[in-house]
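What follows is each chain in one-letter form.
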Amino acid sequence: MRMLHTSDWHLGRSFHRVGLLDAQAAFLDHLVATVRERDVEAVLVAGDVYDRAVPPLAAVELFDRALHRLAAEGVPTVMISGNHDSARRLGVGAGLIDRAGIHLRTDPAGCATPVVLRDAHGDVALYGLPYLEPALVRDEFKVSRVGHEAVIAAAMERVRDDLAGRPAGTRSVVLAHAFVAGGEPSDSERDITVGGVASVPAGVFDGVDYVALGHLHGAQALTARVRYSGSPLAYSFSEADHRKTMWLVDLGPGGDIEAERIDCPVPRRVARIRGRLEELVEDPALERHTESWIEATLTDPVRPTEPMARLCARFPHTISLVFDPERAPEDPEASYAQRLKGRDDQQIAEDFVAHVRGGSGPDERERTVLSAAFDDVRVDDMTREVAR
């Protein structure tokens, strides 16, 4: 069975206030063309269809057109909700849409009820695990410890139990939206940390033939059977070096996997450039970035006059300007952002406690309280968004 694995469309998202709807429409044109030209038998969309719980109307219309076009091709499509989606909204009408071959899986309780497709070699069971927010699904999965690994492991136990009751030789595919250990993240993904631990081990998915992952925006293979498709477009400058693709996956009669990367259209390249202003506007090696979206980091010791105007004269699509003056590490003028770079909220809070105490950081009990506070705020934000 030939499957096209994609994820993280983030319909309705902008790039530094630049609208991307036309670029997203071009990607969906490309997806439908690939389905037709490469004889795809199933489309897998591993979450984050929309960029937020209440997407703009134009994004909803674009999604609606995509569903109609996929249904018209007669190719089954399986979609799950991601952490950016409202599972309730995305799942509205799922029962009716199911009849058209578009299978929306947004309810955690249904994770062990697969979409069963058939090819010349028998049945393929496709299980959709929507994004599982641990604090919201712990009762459904009856886990004693709140965490991504616990709830995904419980969901996979249900999947394996269902698969064990199916005819011998049934092949299996799981769609999931999670941060799996070993994956390379970018700045674009929303933090899904719980208790300081965001990732789950790839081994939690053992026992199935292919795992179509969403959430991380860079295409990558954690194993031959566990892969991220990545996002179809760059959504932050941290993705400047990404090759944006989908996975064309052939699932053989014995569960063997062959996968090929299908490149996505690039509306405009994304580039980060760094140096002193005079160097950037004069360097001939940067000519290749003239039409790229640019994030320029200026290292001039003194902020130059009208830097954005001068940059835009050479790079008209400069949309982000960062100042990082060249200074010795011990220089007291070193920027606050520099000092915080690479540190998470918990570490910053612990540093603050140490600062106000004159050097004595929090003890283990206080660290636990801080961690619980950050988790409560994050879960409260998620709950409010889901309820909107």
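Cut-offs and rules
- Just so you know, the residues in each chain are numbered from 1, in the order the chain's sequence is written.
- Per-residue local features of the predicted model are confined to residues with pLDDT of at least 70, and side-chain atom pairs are confined, for both listing and counting, to 80 or more; whole-chain, interface and lining totals are unaffected and use all residues.
- The side-chain figures draw on all heavy atoms in the structure; neither hydrogens nor water molecules are used.
- To qualify as a helix, a DSSP run of H or I must reach at least 4 residues; to qualify as a strand, a run of E must reach at least 2; elements of each kind are numbered from the N terminus.
- Taken over C-alpha atoms, the radius of gyration is set against a globule rule of 2.2 Å times the number of residues to the power 0.38.
- Exposed residues in this analysis have more than 50% of their type's maximum accessible area, buried residues have under 20%, and partly exposed residues fall in between, with area computed by a 1.4 Å probe over protein chains only.
- Throughout, a residue-residue contact means that at least one pair of heavy atoms, one from each residue, lies within 4.5 Å.
- Accessible surface is estimated by sampling points in the Shrake-Rupley manner with a 1.4 Å probe; for residues, cover comes only from the protein chains shown.
- Lys and Arg are tallied as positive, Asp and Glu as negative. Neither His nor the chain termini are counted.
- A charge is said to be at NZ when it belongs to Lys, at CZ for Arg, at CG for Asp and at CD for Glu.
- Two strands qualify as a pair provided DSSP detects at least 2 bridges between them.
- Axis lines are fitted to C-alpha atoms, over the contacting stretch for helices. Their N-to-C directions set the angle, which ranges from 0 to 180 degrees.
- By convention a nonpolar core is built from buried Ala, Val, Leu, Ile, Met, Phe, Trp, Tyr and Cys residues, the set being connected through side-chain atoms within 4.5 Å.
- Relevant arc is that of directions from the helix axis to the C-beta atoms, nothing else.
- Within this scheme a cavity is a closed region of a 1 Å grid, computed over the protein atoms alone, that accommodates a 1.4 Å probe without allowing it to escape, whereas a pocket is open but has protein on both sides within 12 Å along at least five of seven lines; lining residues each have an atom within 4 Å of a point.
- Grid points are joined across faces, edges and corners, and a volume is the space filled by probe spheres set on the points.
- To estimate how far a helix should reach, multiply one less than its number of residues by 1.5 Å.
- An angle below 35 degrees is treated as roughly parallel, one above 145 as roughly antiparallel, one from 65 to 115 as roughly perpendicular, and anything else as oblique.
- Helix crossings fall into two classes, left-handed where the near helix is turned counterclockwise from the far one by less than a right angle and right-handed where it is turned clockwise.
- The residue classification treats Ala, Val, Leu, Ile, Met, Phe, Trp, Tyr, Cys and Pro as nonpolar and Asp, Glu, Lys and Arg as charged. All others, Gly included, are polar.
- Counted as a polar contact is a pair of N or O atoms within 3.5 Å, where, for protein atoms, one must be capable of donating a hydrogen and the other of accepting one, and residues adjacent in sequence contribute only when both atoms are in side chains.

1. Some thoughts on the overall build of the protein
At step 1: Check the secondary structure of the protein and you find eleven helices and 17 strands.
At step 2: Its C-alpha atoms give the protein a radius of gyration of 23 Å, near enough to 21 Å, the size a compact globule of 388 residues would have.
At step 3: Per-residue burial over the protein gives 50% buried out of 388 residues.
At step 4: Once local pairs closer than 6 in sequence are excluded, the contacts in the protein between residues at least 24 apart make up 70%.
At step 5: If you sum the accessible surface of the protein, you get close to 18,400 Å²; carbon and sulfur atoms cover 50% of it.
At step 6: Positive and negative side-chain charges of the protein, numbering 45 and 62 respectively, have mean locations separated by a distance of 2 Å.

2. Let's talk about the sheet that holds strand E8 (residues 122-129)
At step 1: Taken in spatial order, the six strands of this open sheet run E7-E8-E9-E10-E12-E11, and their pairing is mixed. Two strands bound the open sheet, and with one partner strand each, they are strand E7 (115-119) and strand E11 (220-221).
At step 2: Here helix H6 (residues 148-164) sits on the sheet and contacts E8 and strand E9 (171-177); the angle it forms with E8, its principal contact strand, is near 165°.

3. Examining the nonpolar core
At step 1: The biggest cluster of nonpolar side chains holds 30 residues, and the ones touching the most others in it are Leu-129, Phe-141, Ile-152, Met-156, Val-174, Phe-205 and Leu-213.
At step 2: If you list the elements that add at least two residues to this core, you get E8, helix H5 (134-141), H6, E9, strand E10 (210-214) and strand E12 (226-228).
At step 3: Among the elements that make up this core, the one with the highest residue count is H6 (eight residues).
At step 4: Excluding residues within four positions of it along the chain, Phe-141 makes contact with Pro-108, Cys-111, Leu-132, Val-151, Ala-154, Ala-155 and Arg-158.
At step 5: Phe-27, Val-40, Met-246 and Leu-248 belong to the second largest nonpolar core, which has 29 residues in total.

4. A short note on the environment of Pro-267
At step 1: You can see Pro-267 is positioned in the loop between strand E14 (257-263) and strand E15 (270-275).
At step 2: A C-alpha to C-alpha distance of 30 Å links Pro-267 and Ala-224, two positions 43 residues apart in sequence.
At step 3: Apart from the residues lying within four places of it in its own chain, the contact partners of Pro-267 are Ala-23 and Leu-233.

5. Brief notes about helix H8 (residues 307-314)
At step 1: Within H8, the full set of buried residues consists of Pro-307, Leu-311 and Arg-314. In an axial view of H8, the angular spread of the buried residues amounts to 60°, which keeps them on one side of the axis.
At step 2: Against helix H7 (277-282), strand E16 (293-298) and strand E17 (318-323) lie the buried residues of H8.

6. Comments concerning empty space enclosed by the protein
At step 1: Enumeration over the complete set of coordinates arrives at one cavity of 30 Å³ or more.
At step 2: Taken as a whole, the largest cavity holds about 50 Å³ of empty space.
At step 3: If you go around the largest cavity, the residues you meet are Leu-129, Pro-130, Tyr-131, Leu-132, His-148, Ile-152, Ala-176, His-177 and Ala-178.
At step 4: Of all the secondary-structure elements, those providing two or more residues to the lining of the largest cavity are H6 and E9.

7. Here's the deal with helix H2 (residues 57-73)
Residues separated by three or four positions in an α-helix point in the same direction, a consequence of the helix having 3.6 residues per turn.
At step 1: Helix length check: H2, at 17 residues, gives a terminal C-alpha distance of 25 Å against a target of 24 Å (1.5 Å per residue), a fit within 8%.
At step 2: Among the structural elements, helix H1 (21-37), strand E4 (42-46), strand E5 (77-80), helix H3 (87-90) and strand E6 (102-105) are those in contact with the buried residues of H2.
At step 3: Downstream of H2 by one or two residues, Gly-74 has phi in the positive range, about 70°.

8. Structural notes on the packing of H5 against H6
At step 1: Between H5 and H6, the least distance of the axes is 10 Å, while the angle of their chain directions is 40°. Between H5 and H6, the angle falls in the class oblique. Seen from above, H5 lies across H6 with left-handed handedness. Contacts between H5 and H6 involve Pro-134, Val-137, Glu-140 and Phe-141 from the former and His-148, Val-151, Ala-154, Ala-155 and Arg-158 from the latter.
At step 2: A per-class count over the contact of H5 with H6 returns six nonpolar, one polar and two charged.

9. As for the side chain of His-5
At step 1: Structurally, His-5 can be placed in strand E1 (residues 2-6).
At step 2: Using a relative accessible area of 0% as the deciding quantity, one classes His-5 as buried.
At step 3: A distance of 2.9 Å separates polar atoms of two side chains, one belonging to His-5 and the other to Tyr-210.
At step 4: Other than its neighbours up to four places away in sequence, His-5 contacts Leu-44, Ala-46, Tyr-210, Ala-212, Leu-213, Arg-227, Tyr-228, Ser-229, Met-246 and Trp-247.

10. A short note on the pairing of E1
At step 1: Counting buried residues in E1 gives four out of five residues, a clear majority hidden from the surface.
At step 2: In the sheet, E1 pairs with strand E13 (residues 245-251) via four bridges, with the strands oriented antiparallel. Paired with Met-3 across the bridge in E13 is Val-249.
At step 3: In this sheet, E4 lies alongside E1 in parallel orientation, the contact comprising four bridges. Within E4, the position partnered with Leu-4 by the bridge is Val-43.

Shape is all these values report; function is a separate question.
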